[in-house]
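Structure assessment
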Amino acid sequence: METTSVETARHEDAVCTIHTDSAAETYELGVRLGCLLHPGDMLALQGDLGAGKTTLAQGVARGLGVETYVRSPTFTLVNEYDLPSGARLFHIDGYRLGETMAEAMLEADTFGLDQVLDDPRAIVIIEWAERLADLLPTDRLEVTLDYADHAHNVRILTCRARGPRSAALIEHLLQGAT
Amino acid sequence: MRILAIETSCDETAAAVIEDGRYIRSNVVATQIELHRRFGGVFPEVASRQHVLAIYPVLEQALAEAGLNGVEGLDALAVTVGPGLAGSLLVGVNAAKGLSFASGLPLLPVNHLEGHIYSNWLDANGTETAMAGDHFPVLVLIVSGGHTELVLMTGHGRYRRLGGTLDDAAGEAFDKVARLLKLGYPGGPAVQEAALAGDPTHFTLPRPLLHNRSHRFDFSFSGLKTAALNLVRDLERQGEDVDDPALVADIAAGFQAAAVDVLVAKTAAAAQSYGAQRVCICGGVSANQALRDAAGRRFRDLGLPLHIPPLFLCTDNAAMIGAAAYYSGRQRADEIDGLALDVYANLALPESE
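Residues numbered from 1 in each chain as written. Chains lettered and ligands numbered in written order. Predicted model: local features only at pLDDT ≥ 70, side-chain atom pairs only at ≥ 80, totals over all residues. Heavy atoms only, no water.

The number of helices and strands found in chain B is eleven helices and ten strands. A compact globule built from 353 residues would reach a C-alpha radius of gyration of about 20 Å, and chain B, at 21 Å, matches this within 12%. Seen along its three principal axes, the alpha-carbon backbone of chain B occupies a region of about 65 × 55 × 35 Å. The buried share of chain B, reckoned over its 353 residues, is 58%. In chain B, the proportion of contacts linking residues at least 24 apart, taken out of those at least 6 apart, comes to 74%. A total of about 13,700 Å² of accessible surface is found on chain B, and carbon and sulfur atoms cover 50% of it. Averaging the locations of the 27 positively and 40 negatively charged side chains of chain B gives two centres separated by 5 Å. (Helix = DSSP H or I, 4+ residues; strand = E, 2+ residues; numbered from the N terminus. Rg over C-alpha atoms; globule rule 2.2 N^0.38 Å. Buried < 20%, exposed > 50% of the residue type's maximum accessible area, 1.4 Å probe, protein only. Contact = heavy atoms within 4.5 Å. Areas by Shrake-Rupley, 256 points an atom, 1.4 Å probe, with all protein chains shown as cover. Lys, Arg positive; Asp, Glu negative; His and termini not counted. Charge placed at Lys NZ, Arg CZ, Asp CG, Glu CD.)

Here's what the structure looks like:
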């Protein structure tokens, strides 16, 4: 795993780029990230099919102490896990939501996104977060997963903080890396 | 015993009247297409709102087609309480509670996965696929867009989960590969159609966990999906036209062959390990012809009776909910306060041992 660049031009806009060489490394990065999360934190994952969003989420869940298998929430839209800390992990998937924001907003109602966001114990991971961007709190850690051109298993993860809380997360993640 | 069953766990609004857990007196499924036709105009893209609009016409039609005058002649009501989308489930549960309150009929909660299992007990116009008699243990593969589970059934309503997917459900992989190959939705039928013209041996895709000893009865379809994706990217890089129908057909066929191989091999291994008397395959993906053919061959060779429901009972329907209520729910009827039912989005199959 290799951290190639860190920009902290404005504190709350912190960006870092991390390369992983395998699904296992993406998972491990998730575990490290999961160890840092507290209620109120939100990870917004973006990236195409097969980019590793669910793999990263599985790692995060592991880092938070989830011991069961974390399956894709594509069908159920949201999966919930009680955490040893007393917090609750919500693993949400925007894949099946409408392609337009208006449709996605209506559909987000049907699985109770509002209640999730109001839950003081909630730690939230959202896959295909771009589909729900307008509904999410501003201060979230956005992680965009891209393929590298040269090799199948390499992924480029761009972490972008959207506020002070998520900026602090990036800082802690980088401290852990060194 | 005549049961009116209601199913609204996902995208279909369905109601059915089932007699003695086996005979289908009516079986109504409203898809979005039919709703567009019935209500005219554009329909909101909201699953639970679709259900709200469709539920009463569907219920009335189910009663009318069964030749019933309202709820007269019914002995019980049954409704899916999970797993599924909470908002969608609530529509069916609330309609069922209303009917139960007004009629005084008992209301039985049904697990959607149990419904799929009992789709194999329905008599579909005397087809030989229906389970007759009780020959337990039965090895069940539930395979759909949301689930891939291997279950040992030791009696009616008695289940032991042997394994299941560790990541994506099989149907989800079909949907996502269909999207990757630009084949449209729903992905299962689209991949099957494209694969018809393809050579399944042109591209060999991995069979995840096939020989993994610590995950003998588990599945992983996420890796297969990614392998299909990597194949497409490789071909693109080599300058191939990945929209070429012949190439798409070969990729679809290669993917389908890998998925079917793993499903059949693990089901057969589980059936043999646990001395199953019969094997059932159910759920939306059991409509896949390649799976039906491959499983048919494999279990014929093993000398094990195989049951797969006819196509109209593979996808979500309420007939299977009525069958499940009859076989596994009625024993519990006395203990259940139908008006206090809740919905459970992540409900698992109840395990008895």
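There's plenty left to go through after this.
Moving on, we come to the pairing of strand β6 (residues 138-143) of chain B. Residue and element names in this part refer to chain B. Within β6, six of the six residues are buried, which leaves it mostly tucked inside the rest of the structure. Side-chain alternation along β6 places V138, V140 and I142 on one buried face and L139, L141 and V143 on a second face that is also buried. Bridging between β6 and strand β7 (residues 148-155) involves six bridges; their strand directions are antiparallel. What sits directly across from V143, in β7, is T148. Hairpin connection from β6 to β7: four residues lie between these consecutive antiparallel strands. (Pairing = 2+ DSSP bridges.)

Right, let's talk about the domain arrangement of chain B for a bit. Interface size is often expressed as the accessible area that is lost when the parts come together. Residue and element names in this part refer to chain B. Domain parsing of chain B yields domain 1 (2-128 + 313-340) and domain 2 (138-308). The straight-line distance from the C-alpha centre of domain 1 to that of domain 2 is 28 Å. Overall, the association of domain 1 and domain 2 removes approximately 1,300 Å² of surface from exposure, summing both partners, and the carbon and sulfur fraction of that is 69%. Contact with domain 2 buries area across many residues of domain 1, yet I117, N120 and C314 alone supply 42% of it, more than any other trio. On the surface where domain 1 and domain 2 come into contact, there are zero salt bridges. Linking domain 1 with domain 2 are four residue pairs in polar contact (both at pLDDT 80 or more). Those elements that provide at least two residues to the side of domain 1 that touches domain 2 are α4 (112-118) and α11 (319-329). Looking at the side of domain 1 that touches domain 2 element by element, the count peaks at five residues for α4. Its residues assigned to classes, the side of domain 1 that touches domain 2 shows seven nonpolar, five polar and two charged. (Domains from an automatic or database assignment. Buried area = accessible area lost by both parts, 1.4 Å probe. Salt bridge = Lys/Arg side-chain N within 4 Å of Asp/Glu carboxyl O. Polar contact = N/O pair within 3.5 Å; in protein donor to acceptor, adjacent residues only side chain to side chain. Nonpolar A, V, L, I, M, F, W, Y, C, P; charged D, E, K, R; others polar.)

All names here are of chain B. Mapping S9 onto the fold places it in the loop between β1 (2-7) and β2 (13-19). Judged by its relative accessible area of 2%, S9 falls in the buried class. A polar contact of 2.6 Å, which involves the side chain of S9, links it to the side chain of E7. For S9, the side chain forms a polar contact with the side chain of H112, separated by 3.3 Å. Once you skip the residues sitting within four places of it in the chain, S9 turns out to touch T80, P83, G84, L85, S88, L89, H112 and D316.

Residues and elements named next belong to chain B. Counted at 1.5 Å a residue, the expected span for helix α9 (residues 289-302) with its 14 residues is 20 Å, and the 20 Å between its end C-alpha atoms agrees. Against β6, α8 (245-273), β9 (278-282), β10 (306-307) and α10 (311-314) lie the buried residues of α9. Capping the start of α9, N288 holds a side-chain oxygen 3.0 Å from the backbone nitrogen of A290, two or three residues further along. At the exit of α9 stands G303, carrying a positive phi of roughly 70°. (Expected span 1.5 Å × (residues − 1).)

This brings us to the pattern of salt bridges. On inspection of all chains with the given rule, the structure shows 14 salt bridges over all chains. The partner of E19 of chain B in a salt bridge is R25 of chain B, with the nearest N and O atoms 3.1 Å apart. Here E19 of chain B falls in the buried class, since its relative accessible area comes to 18%. Each member of the salt-bridge network shares a partner with another, and the members are R71 of chain A together with E149 and R161 of chain B.

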